[in-house]
Each structure stands twice: as C-alpha cells, then as structure tokens.
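Structure assessment
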Amino acid sequence: MLEDTEWLSDFAFFTDLLCHMNNLNVKMQGKNQFIDNIWAHLKASKLKLNLFAGQLVKNDLSHFSTLNSIPSVNEEKLKNYEDGLKKLHFEFERKFQDSSAIQTELDIFTMPFNVNCEAVRSD
C-alpha cells in the first residue's frame with residue numbers, strides 16, 4: 001500500500017484534513033469558552049473549507065503539507081478532494097444552521113457598538 005501513490009495521496013489528504021478538524025476541536029474545548037468564541041471558530045472553519053477547496057483547484061497545497069509531500073498528485077484526485085471539502089462545508093452549514101439565527105444576539109456581546117439597539121430584544 002505504501003507504494004500505491006493514489007492510496008498515499010488519499011492518506012495524506014485525510015491526515016491533513018483531520019489535523020485541521022482536530023485544531024477546531026481543541027479550540028472549542030476548555031473552560032471559560034463563551035458561545036461567541038465557539039461560533040467564531042466555527043465560522044472561521046467554514047471559511048477555511050472554502051479557501052482550501054479554492055486552493056486545491058489551483059493546485060495550491062500550502063494548507064496540506066502532508067499531501068504536498070507526495071511527489072505527484074493527480075488532478076482528478078485534487079478535484080475529488082475539492083468536492084469532499086465542499087460537501088464538508090455543506091454539512092457544517094446544515095449542522096449549524098440554527099446557530100445562524102442567533103447571530104444578532106451574539107453580536108450584542110462581540111460588537112456592542114455595532115448593534116442597532118432598537119432591534120435588540122428587551123429580555
């Protein structure tokens with residue numbers, strides 16, 4: 001298996017992707033985590049998924065160091081990885097769609113001077 005370049009590129013891609021997901025997981029753990037910080041980490045991760053997908057199209061593997069160490073990654077594989085990242089982004093959107101509804105309430109704490117006080121609920 002270690003001589004199969006397609007298997008190695010898949011393994012390298014998933015290694016890098018799991019590293020990114022693990023970083024998100026670690027950021028969301030711990031004491032004294034406010035919901036606005038957790039939400040910011042989730043939003044940043046969704047943006048990163050789009051960034052990564054766009055970079056893979058351009059054969060830019062700067063955020064996939066393990067994959068970048070593979071001598072030649074086939075263009076079709078990169079397209080598959082891009083599709084996978086887009087599906088993962090969609091799943092993030094679907095899973096956290098309810099959280100988008102409370103964005104205004106979170107903005108009260110993160111950016112209180114940018115919130116329209118007339119639109120804030122009294123409670």
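Preceding block: the structure.
Fair warning: this is a prediction, and the values are worked out from it, not measured in the lab.

A word on the packing of helix α1 (residues 5-27) against helix α2 (residues 35-57). The contact between α1 and α2 brings their axes to 10 Å, and the two run at 165 degrees. Viewed along their axes, α1 and α2 adopt a mutual orientation that is roughly antiparallel. Between α1 and α2 the crossing geometry is right-handed. Along the contact surface, α1 presents Phe13, His20, Met21, Leu24 and Lys27, while α2 presents His41, Leu42, Ser45, Lys48, Leu49, Phe52 and Leu56. Grouping the constituent residues of the contact of α1 with α2 by class yields seven nonpolar, three polar and two charged.

The next subject is the pattern of salt bridges. Under the counting rule described, the total for this entry stands at seven salt bridges. With a closest N to O distance of 4.0 Å, Lys77 and Glu6 form a salt bridge. Taken as a pair, Lys77 in helix α4 (residues 75-95) and Glu6 in helix α1 lie far apart in primary sequence, 71 residues in all. Judged by its relative accessible area of 43%, Glu6 is partly exposed.

Here we come to the nonpolar core. With 21 residues, the main nonpolar core has Phe13, Leu56, Phe64, Leu67, Leu78, Tyr81 and Leu85 as its most contacted residues. Contributing elements (two or more residues each) for this core: α1, α2 and α4. Sort the elements by how many residues they give to this core and α2 lands first, with seven residues. Not counting residues within four places of it along the chain, the set of residues in contact with Leu85 comprises Phe13, Leu17, Leu49, Phe52, Ala53, Leu56 and Phe64.

Reading the values: the criteria
- Residues numbered from 1 in each chain as written.
- Predicted model: local features only at pLDDT ≥ 70, side-chain atom pairs only at ≥ 80, totals over all residues.
- Heavy atoms only, no water.
- Axes fitted to C-alpha atoms, helices over the stretch in contact; angles between N-to-C directions.
- Helix = DSSP H or I, 4+ residues; strand = E, 2+ residues; numbered from the N terminus.
- Parallel < 35°, antiparallel > 145°, perpendicular 65-115°, else oblique.
- Left-handed = near helix turned anticlockwise from the far one by under 90°.
- Contact = heavy atoms within 4.5 Å.
- Nonpolar A, V, L, I, M, F, W, Y, C, P; charged D, E, K, R; others polar.
- Salt bridge = Lys/Arg side-chain N within 4 Å of Asp/Glu carboxyl O.
- Buried < 20%, exposed > 50% of the residue type's maximum accessible area, 1.4 Å probe, protein only.
- Core = buried A, V, L, I, M, F, W, Y, C linked by side-chain atoms within 4.5 Å.

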